[in-house]
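Examination of the molecular architecture
Here is how the chains run, residue by residue.
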Amino acid sequence: MALGMALVIGTEGVDLSVGSAMALAAALLPLYLGYGLVPALVLALLAGAVTGLVNGVLVSVVGLQPIVATLALFVGGRGLALVLADGQLKQIINPDLLSLGTASLLGVPVVVLIAAGLALAVAFLVARTTFGRQIVAIGGNRKAAVLAGLPVKRVLTGVYVLCGTFAALAGILATARLTASDPSSLGTLMELSAITAVVVGGTPLSGGSVRVLGTVAGAVLMQLLRATLVKHDLPDSTAQIAQAAIIVAAVYVARERRSR
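Below, the structure is looked at part by part.

Rules used in this analysis
- Residues numbered from 1 in each chain as written.
- Predicted model: local features only at pLDDT ≥ 70, side-chain atom pairs only at ≥ 80, totals over all residues.
- Heavy atoms only, no water.
- Helix = DSSP H or I, 4+ residues; strand = E, 2+ residues; numbered from the N terminus.
- Buried < 20%, exposed > 50% of the residue type's maximum accessible area, 1.4 Å probe, protein only.
- Patch = residues over 30% accessible without salt bridge, like charges linked within 9 Å, V, L, I, M, F, W, Y side chains within 5 Å.
- Areas by Shrake-Rupley, 256 points an atom, 1.4 Å probe, with all protein chains shown as cover.
- Salt bridge = Lys/Arg side-chain N within 4 Å of Asp/Glu carboxyl O.
- Phe/Tyr/Trp six-rings, centres within 6.5 Å; stacked < 30°, edge-to-face > 60°.

1. Considerations on the environment of Gly87
Looking at the element boundaries, Gly87 is found in the loop between helix H4 (66-84) and strand E1 (90-91). Residue Gly87 is classed as exposed on the basis of its relative accessible area, which comes to 52%. Between the alpha carbons of Gly87 and Pro183 there is a distance of 7.6 Å; along the sequence they are 96 residues apart.

What follows is the structure, encoded as structure tokens:
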């Protein structure tokens, strides 16, 4: 999810609906697993992509501020997920789906392999493709990008679609690990965790840069912090306070670097 958020922030945007996209994907899984694992996964990912498409159109075509456009689906997306799930937690018993969250390959969890593969793909996208360079150019100066003839609307829409799809994938993996679909709580405040990972990783909120390796390091750092606090029997609220402090510190350090 942080990788998708990094792409969005690279365009000087933000996506507050990723937690809801997670919940929506989780709600769809038990409804369609009866048709097979692949159709269920495709529909769950498609739901995330559609969420991103709506966000992208609202930002690039309608012209809404990203925080306003994505806030609508932050609320509405989770509401739709709760409607689809009848507001109930549903147990997942499909062994193929559960293996995504529990299986390992050569001692490495499949979840880690998927995350590593996506990180490499996003790094290649940003550094070696025209689309990636356009993301950075649009985030650096959108008006100049328009005057240069870059397909700004198409790129912005594509970035939000990718972010929504990655969020849906995160929802699938989280559901597999938890062995249950719980749209009421799955993905809650995860948008803040994703933003924190991106900011801590060195991607500026002002856009114009995407630090993929830094984002991965930021995500690992935040998870390590939370796991450490939990291991010491500290409440989750303490982890949230620490997370807020890290955000402030990271933004301050980034501002000082730019001013120099």
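Let's pick the thread back up.
2. A closer look at a nonpolar patch on the surface
Together, Leu31, Tyr32, Tyr35, Leu43, Leu46, Val50 and Val54 give the surface a local cluster of nonpolar side chains, amounting to about 620 Å² of exposed area. Listed by contribution, the elements that provide at least two residues to the nonpolar patch are helix H2 (18-32) and helix H3 (37-62). The element contributing the most residues to the nonpolar patch is H3, with 4 residues. Mapped onto the secondary structure, Leu43 falls in helix H3.

3. Notes on the packing of aromatic side chains
The full count for this structure, using the stated rule, is 1 aromatic pair. Measuring from centroid to centroid gives 6.0 Å for Tyr32 and Tyr35, while their planes differ by 35°, and the two rings are tilted. Under the relative-accessibility criterion, Tyr35 is labelled exposed at 66%.

4. Things to note about the environment of Gly34
In this fold, Gly34 is placed in the loop between H2 and H3. Exposure remark for Gly34: the relative accessible area of 80% places this residue in the exposed category. With 68 residues separating them along the chain, Gly34 and Thr102 place their C-alpha atoms 21 Å apart.

5. Some words on unusual backbone geometry
The backbone of Thr179 sits at a positive phi, close to 60°, despite the residue not being glycine. By the element assignment, Thr179 lies in the loop between helix H9 (152-178) and strand E4 (180-181). Of note, the phi angle at Leu189 is positive, near 65°, even though the residue is not glycine. As for its position among the elements, Leu189 is in the loop between E4 and helix H10 (190-200).

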